Amino acid sequence: MSARVEQRALPGIGVCQDVVTRAGRRIGVLTHRDGHRELVVYDVDDPDAASETIPLNGDEANALAELLGAPQLVRHLAELQEQVVGVLTEQLPLKGSAYVGRQLGDTQARTRTGASIVAILRRGEVIASPGPSFEFEAADMMVVVGTREGVDGVASILRRDA
């Protein structure tokens, strides 16, 4: 990734991630502690002041991410996998699992295996960093990161009856 992303913790509020465009404009995404997001456009004359904030619901944030190339996340994870010995990134289908219609937290995947479900591929969209209340759909494909044993463990959990 050639663009530099700056991340700032905003105590009591959340996290803001900013990028400066080639033209010198600063834009960012503010993710509040409760999960809702705002697109932030900073003032040209005062880069510390927001000239506009646009609240985004989950669907709007996902649509904007898709427009901006979120599918690159999966490619980037695969590139990272090649750089870290012993860590794998795999896509696992949910189809046929007892977890269809249930929440990610119900799997307890990370606690049980040490592997993490870091993204969901759904109808051509990438849903990055789904929380424990994320509800699975039959056609979802999960992006799982972990050791060989951990990834296999997640696959086993998904195949078992819950």
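Refer to the structure presented above.
Definitions and limits used
Residues numbered from 1 in each chain as written. Predicted model: local features only at pLDDT ≥ 70, side-chain atom pairs only at ≥ 80, totals over all residues. Heavy atoms only, no water. Phe/Tyr/Trp six-rings, centres within 6.5 Å; stacked < 30°, edge-to-face > 60°. Buried < 20%, exposed > 50% of the residue type's maximum accessible area, 1.4 Å probe, protein only. Lys NZ or Arg CZ within 6 Å of the ring centre and 35° of its normal. Core = buried A, V, L, I, M, F, W, Y, C linked by side-chain atoms within 4.5 Å. Helix = DSSP H or I, 4+ residues; strand = E, 2+ residues; numbered from the N terminus. Contact = heavy atoms within 4.5 Å. Pairing = 2+ DSSP bridges. Axes fitted to C-alpha atoms, helices over the stretch in contact; angles between N-to-C directions. 1 Å grid on protein atoms, 1.4 Å probe; cavity = no way out; pocket = protein on both sides within 12 Å on 5 of 7 lines; lining within 4 Å. Points joined across faces, edges and corners; volume = space filled by probe spheres on them. Nonpolar A, V, L, I, M, F, W, Y, C, P; charged D, E, K, R; others polar. Polar contact = N/O pair within 3.5 Å; in protein donor to acceptor, adjacent residues only side chain to side chain.

S.K.: Before we move on, can you summarise the packing of aromatic side chains with the specific residues and values?
M.R.: In the structure shown here, the tally under the stated rule is one aromatic pair. Measuring from centroid to centroid gives 6.0 Å for Phe 134 and Phe 136, while their planes differ by 80 degrees, and the two rings are edge-to-face. Taking the relative accessible area as the measure of exposure, Phe 134 reaches 13% and is therefore buried. Overall, the relative accessible area of 1% leaves Phe 136 in the buried class. Between the NZ or CZ atom of Arg 26 and the centre of the ring of Tyr 42, over which it lies, the distance is 4.0 Å.

S.K.: Let's hear about the nonpolar core: which residues, and what values?
M.R.: Membership of the largest hydrophobic core comes to 19 residues, with the highest contact counts inside it found for Ile 117, Ile 120, Phe 136, Met 142, Val 144, Val 154 and Leu 158. Secondary structure elements with two or more residues in this core: strand 6 (88-93), strand 7 (116-122), strand 9 (141-146) and helix 4 (148-159). Tallying contributions element by element places helix 4 first for this core, with five residues. Residues contacting Met 142, with those up to four places away along its chain left out, are Glu 90, Gln 91, Leu 92, Pro 93, Leu 94, Ile 117, Ala 119, Ile 120, Phe 136 and Leu 158.

S.K.: Give me the lowdown on unusual backbone geometry, citing residues and values where you can.
M.R.: For Gln 108, which is not glycine, the phi torsion reads 50 degrees and is therefore positive. Looking at the secondary structure, you find Gln 108 in the loop between strand 6 and helix 3 (109-113). At Ser 129, a residue that is not glycine, the phi angle is positive and equals roughly 50 degrees. Locating Ser 129 in the fold gives a position in the loop between strand 8 (125-128) and strand 9.

S.K.: Can you tell me about the sheet that holds strand 2 (residues 14-20), naming the residues and giving the values?
M.R.: Here five strands make up an open sheet; going across it, the order is 1-2-3-4-5 and the pairing antiparallel. Edge positions in the open sheet fall to strand 1 (5-10) and strand 5 (50-56), since each of these has one partner strand only. Mean inter-strand twist for the sheet, computed between neighbouring axes without regard to direction, equals 20 degrees. Bridge count for strand 3 (residues 26-32) against strand 4 (residues 37-42) is five bridges, and the pairing is antiparallel. Considered in strand 4, the bridge of Leu 30 is made with Glu 38.

S.K.: So, empty space enclosed by the protein: which residues are in play, and what are the values?
M.R.: To find leftover empty space, a probe the size of one water molecule is rolled over the atoms. All chains considered together, the criterion is met by one cavity of 30 Å³ or more. Of the pockets and cavities examined, the largest cavity occupies roughly 40 Å³. Here the lining of the largest cavity is composed, by residue class, of one nonpolar, no polar and four charged.

S.K.: Residue-level account of the side chain of Thr 113, with values.
M.R.: Along the chain, Thr 113 turns up in helix 3. Here the side chain of Thr 113 touches Ala 109 through a polar contact of 2.6 Å, landing on its backbone oxygen. For Thr 113, the side chain forms a polar contact with the main-chain nitrogen of Ala 115, separated by 3.0 Å. Among all residues touching Thr 113, those that are not within four sequence positions of it are Gly 150, Gly 153, Val 154 and Ile 157.

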